[in-house]
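So you can see what is in the structure, the chains are spelled out below.
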Amino acid sequence: MTNVKIQELLDSGVHFGHLTRKWNPNMAPYIYTERNGVHIIDLYKTAAKIEETSEALKKIANSGRKILFVATKKQAKDIVADKAKAVNMPYITERWPGGMLTNFVTIRKAVKKMASIDRMKTDGSFDALSKREKLQINRQREKLDKNLGSIADMTRLPGALFIVDIKKEHIAVAEARNLNIPIFAMVDTNSDPRLVDFVIPANDDASKSIDKVLTHLTDAIAEGLSDRKADKDKGKEGKDPAKKEAKAKAKASKKVSQEEEE
């Protein structure tokens, strides 16, 4: 995992907070100064928090649990979708479905409905429907895919949430807190950091800032997944009897040659 460079954060505008009159006093420890009526975030603290968060997310990914990314604001949607897809993690970039976590069973039923429509199309039963019914089912499938397609592989509650803008995603924050699911988030100067387990004080409005922070985090997640795969492969190798036998033969052969030399 690479160290976070302050200059890179500065160039990406991560340090720009909100107008001073909109600040949340609980963000005071993360604010460096005020300039032209705008709060400036302390980037040394941001860098330290990115590294701390990266390490924690890496461990979660390594354990095999999913991290759900949440960002429905316009400037964050595409970035979050791309970064989450790259590390095969679920994400919500459309409207947050109420009860997404607290009523997860119902959400899973909706996802299964999507799968059953797909089965209808492959087994031929879809062709037997009338034109009107086909149209209705296709519309239903499109709507489900738009809202829930990105979490189709999330078969159980996530191990953690990563949120961009906790003020906008307050329902997601409330549900995660209700279920004691750890919350990781980019927190701007107008938000309350006490609602989050792992705070990254940063500008959550600029796409360059969001991209820069997420790049560091998803790199760490990718590293955690890679380590997990390597550990699994090593375990399989140890269990493979053929490989075990070959290793034993090689060892015995080496021992014989050593004895002959003596």
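All values reported here derive from a predicted model rather than from experimental measurement.

**Observations concerning the pattern of salt bridges**
Side-chain pairing between opposite charges can occur once the charged atoms of the two side chains come close.
Okay, step 1: Summed over all chains, the structure comprises 13 salt bridges.
Okay, step 2: With a shortest N-O distance of 3.0 Å, Glu223 and Lys58 are connected by a salt bridge. One end of the pair, Glu223, is in helix H7 (residues 207-239); the other, Lys58, is in helix H2 (residues 43-62), and 165 residues separate them in sequence.
Okay, step 3: Given a relative accessible area of 26%, Glu223 falls into the partly exposed group.
Okay, step 4: You can call Lys58 buried: its relative accessible area is 16%.

**Quick look at the sheet that holds strand E1 (residues 16-19)**
The strands making up a sheet associate through hydrogen bonds between their backbones, and the pairing can be parallel or antiparallel.
Okay, step 1: The three strands are arranged E1-E3-E2 in an open sheet whose pairing can be described as antiparallel. In the strand order of this sheet, the two ends are held by E1 and strand E2 (31-35), each with one partner. The sheet shows a mean angle of 30 degrees between the axes of neighbouring strands, direction not considered.
Okay, step 2: For E2 and strand E3 (residues 38-41), the ladder comprises four bridges, and the chain directions are antiparallel. Residue pairing for E3: Ile31 is matched across the bridge by Ile41.

**A look at unusual backbone geometry**
With glycine set apart, most residues show a phi of negative sign, and most peptide bonds adopt trans.
Okay, step 1: The backbone of Asn88 sits at a positive phi, close to 55 degrees, despite the residue not being glycine.
Okay, step 2: When you line up the elements, Asn88 lands in the loop between helix H3 (74-86) and strand E5 (91-92).
Okay, step 3: Phi at Asp165 is positive, roughly 75 degrees, even though this residue is not glycine.
Okay, step 4: Turning to its location among the elements, Asp165 is positioned in the loop between strand E6 (160-164) and helix H6 (170-178).
Okay, step 5: Asp165 gets classed as buried once you look at its relative accessible area, which sits at 10%.

**Brief notes about the pairing of E3**
Okay, step 1: By the bridge criterion, two bridges tie E1 to E3 in an arrangement that is antiparallel. Within E3, the residue paired with Phe16 across the bridge is Ile40.
Okay, step 2: Between E2 and E3, which pair antiparallel in sequence order, lie two residues; one of them, Asn36, sits at a positive phi of approximately 50 degrees.

**A few points about the nonpolar core**
Okay, step 1: Ranked by internal contacts, the top residues of the largest apolar core, which has 33 residues, are Ile67, Phe69, Phe162, Val164, Val213 and Ile221.
Okay, step 2: Elements with a contribution of two residues or more to this core: H2, strand E4 (67-70), H3, E6, strand E7 (183-187) and H7.
Okay, step 3: At seven residues, the largest contribution of residues to this core is made by H2.
Okay, step 4: The residues contacting Ile67, other than those within four sequence positions of it, are Leu57, Ile60, Ala61, Met89, Pro90, Ala160, Phe162 and Ile221.
Okay, step 5: By size, the runner-up hydrophobic cluster in this structure holds 29 residues, among which are Tyr30, Leu144, Ala172 and Ala185.

**Some details on the packing of helix H4 (residues 104-123) against helix H5 (residues 131-148)**
Okay, step 1: Look at H4 against H5: their axes get within 10 Å of each other, and the N-to-C directions meet at 135 degrees. Considering the angle they form, H4 stands oblique to H5. Once H4 is placed against H5, the crossing between them reads as left-handed. Here Ile107, Ala110, Val111, Lys113, Met114, Ile117, Asp118, Met120 and Lys121 of H4 lie close against H5, whose contacting residues are Ile137, Asn138, Gln140, Arg141, Leu144, Asp145 and Leu148.
Okay, step 2: Considering only residue class, the contact of H4 with H5 consists of nine nonpolar, two polar and five charged.

**Quick word on the side chain of Asp165**
Okay, step 1: Polar contacts involving the side chain of Asp165 include one to the main-chain amide nitrogen of Lys167, which spans 3.1 Å.
Okay, step 2: Excluding anything up to four places from it in sequence, Asp165 contacts Lys73, Met186 and Asp204.

**Digging into the sheet that holds strand E8 (residues 198-201)**
Okay, step 1: Spatially, E5-E4-E6-E7-E8 is the arrangement adopted by the five strands of the open sheet, whose pairing is parallel. Two strands in the sheet have a free side with no partner beyond their single neighbour: E5 and E8.
Okay, step 2: As defined by bridge partners, E7 adjoins E8 across four bridges and the pair is classed as parallel. The partner of Met186 across the bridge, within E8, is Ile200.

**With respect to the side chain of Ser150**
Okay, step 1: Structurally, Ser150 can be placed in the loop between H5 and E6.
Okay, step 2: Only 2.3 Å separates the side chain of Ser150 from the backbone oxygen of Tyr91, close enough to count as a polar contact.
Okay, step 3: With sequence-adjacent residues up to four places away left out, Ser150 is seen in contact with Pro90, Tyr91, Ile92 and Asp145.

**Things to note about the environment of Lys49**
Okay, step 1: Here Lys49 shows up in helix H2.
Okay, step 2: Once the C-alpha coordinates of Lys49 and Phe198 are considered, the two residues, 149 residues apart in sequence, prove to be 7.7 Å apart.
Okay, step 3: The contact partners of Lys49, leaving out residues within four places of it in the chain, are Tyr30, Val199, Ile200 and Pro201.

The rules behind the values
- Residues numbered from 1 in each chain as written.
- Predicted model: local features only at pLDDT ≥ 70, side-chain atom pairs only at ≥ 80, totals over all residues.
- Heavy atoms only, no water.
- Salt bridge = Lys/Arg side-chain N within 4 Å of Asp/Glu carboxyl O.
- Helix = DSSP H or I, 4+ residues; strand = E, 2+ residues; numbered from the N terminus.
- Buried < 20%, exposed > 50% of the residue type's maximum accessible area, 1.4 Å probe, protein only.
- Pairing = 2+ DSSP bridges.
- Axes fitted to C-alpha atoms, helices over the stretch in contact; angles between N-to-C directions.
- Core = buried A, V, L, I, M, F, W, Y, C linked by side-chain atoms within 4.5 Å.
- Contact = heavy atoms within 4.5 Å.
- Parallel < 35°, antiparallel > 145°, perpendicular 65-115°, else oblique.
- Left-handed = near helix turned anticlockwise from the far one by under 90°.
- Nonpolar A, V, L, I, M, F, W, Y, C, P; charged D, E, K, R; others polar.
- Polar contact = N/O pair within 3.5 Å; in protein donor to acceptor, adjacent residues only side chain to side chain.

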